[in-house]
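# Observations on the model geometry
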Amino acid sequence: MTQTSTFSPSPLRSFTRIALVAAICVAPLSEVKAAPACWSLLQSKYGPGIEKAVDEADPCTKVPGLDHKEKFVLKSLDLCSAPSGVQINARADLACKSGSHGLLQATVSGELEASMTVDIGACKVTDAHVGVNGPIGQLLSSVGEIQGLARSFAQRKISEICGGGK
């Protein structure tokens, strides 16, 4: 993964666009001072579109030494109220495969957990965190500053959505 690349252009953009539209619908909840209210995007009317976008995405092509995904399953995607906007939390199982063009094949897997807080009015990511455990997490740590890459990737996608997908 290089700093100038993005994961998957169309499906992930659709997924992020759906999540942001849903976030705007839940934004009024952010003013509630009680415990954060959360809403499952997978259980909403947006669920099928999100699952389709995730199914079409192949983040493994950006992982060094891997060719394609073996599995990318979104286990949860929740939208929660946050003091400064909305928070999007996601958990997914990810398995990437290498060697599709050679004799040896290897699969590297792990669980991805990500959270992002978005100030809807400013169209700005105010906080982002990505954690990946298992062997794939070790491989991704070799990429460098994964947190900075994740945050800049998220901000680019949010900016595209706010700008109408330009």
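In this text, all values refer to a predicted model and were calculated from it rather than measured experimentally.

## Considering the state of the cysteines
One way to say it: the disulfide is the covalent bond shared by the sulfur atoms of two cysteines. Throughout the structure, instances matching the rule amount to two disulfides. Each disulfide pairs two cysteine sulfurs, and for Cys38 the partner residue is Cys80, the sulfurs being separated by 2.1 Å. Between Cys38 and Cys80, the S-S dihedral sits near 105°, and the bridge is therefore right-handed. In this pair, Cys38 is assigned in strand β1 (residues 38–40) and Cys80 in strand β2 (residues 68–82), connecting sequence segments 42 residues apart. The class for Cys80 is buried, based on a relative accessible area of 5%. Put simply, Cys60 and Cys96 are joined by a disulfide, and their sulfur atoms are 1.9 Å apart. One disulfide, between Cys60 and Cys96, carries an S-S torsion of -70° and so falls in the left-handed class.

## A look at the nonpolar core
By size, the foremost hydrophobic cluster in this structure holds 32 residues, and its most contacted members are Ile50, Leu74, Leu77 and Met116. Counting only elements with at least two residues in this core, the list comes to α2 (47–56), β2, β3 (85–98), β4 (106–119), β5 (124–132), α3 (135–141) and α4 (146–162). At six residues, β3 tops the list of elements feeding residues into this core.

## Section: the sheet that holds β2
Pairing within the open sheet is antiparallel, and its five strands lie in the order β1-β2-β3-β4-β5. Looking at strand neighbours, the two that pair on one side only are β1 and β5, the edges of this open sheet. On average, each strand axis in the sheet is tilted by 20° relative to the strand beside it, whichever way the strands run. Where β3 and β4 come together, 13 bridges link them in antiparallel fashion. Looking at the pairing, Gln87 lines up with Thr117 of β4.

Thresholds, definitions, all that
Residues numbered from 1 in each chain as written. Predicted model: local features only at pLDDT ≥ 70, side-chain atom pairs only at ≥ 80, totals over all residues. Heavy atoms only, no water. Disulfide = S-S within 2.5 Å. Helix = DSSP H or I, 4+ residues; strand = E, 2+ residues; numbered from the N terminus. Buried < 20%, exposed > 50% of the residue type's maximum accessible area, 1.4 Å probe, protein only. Core = buried A, V, L, I, M, F, W, Y, C linked by side-chain atoms within 4.5 Å. Pairing = 2+ DSSP bridges. Axes fitted to C-alpha atoms, helices over the stretch in contact; angles between N-to-C directions.

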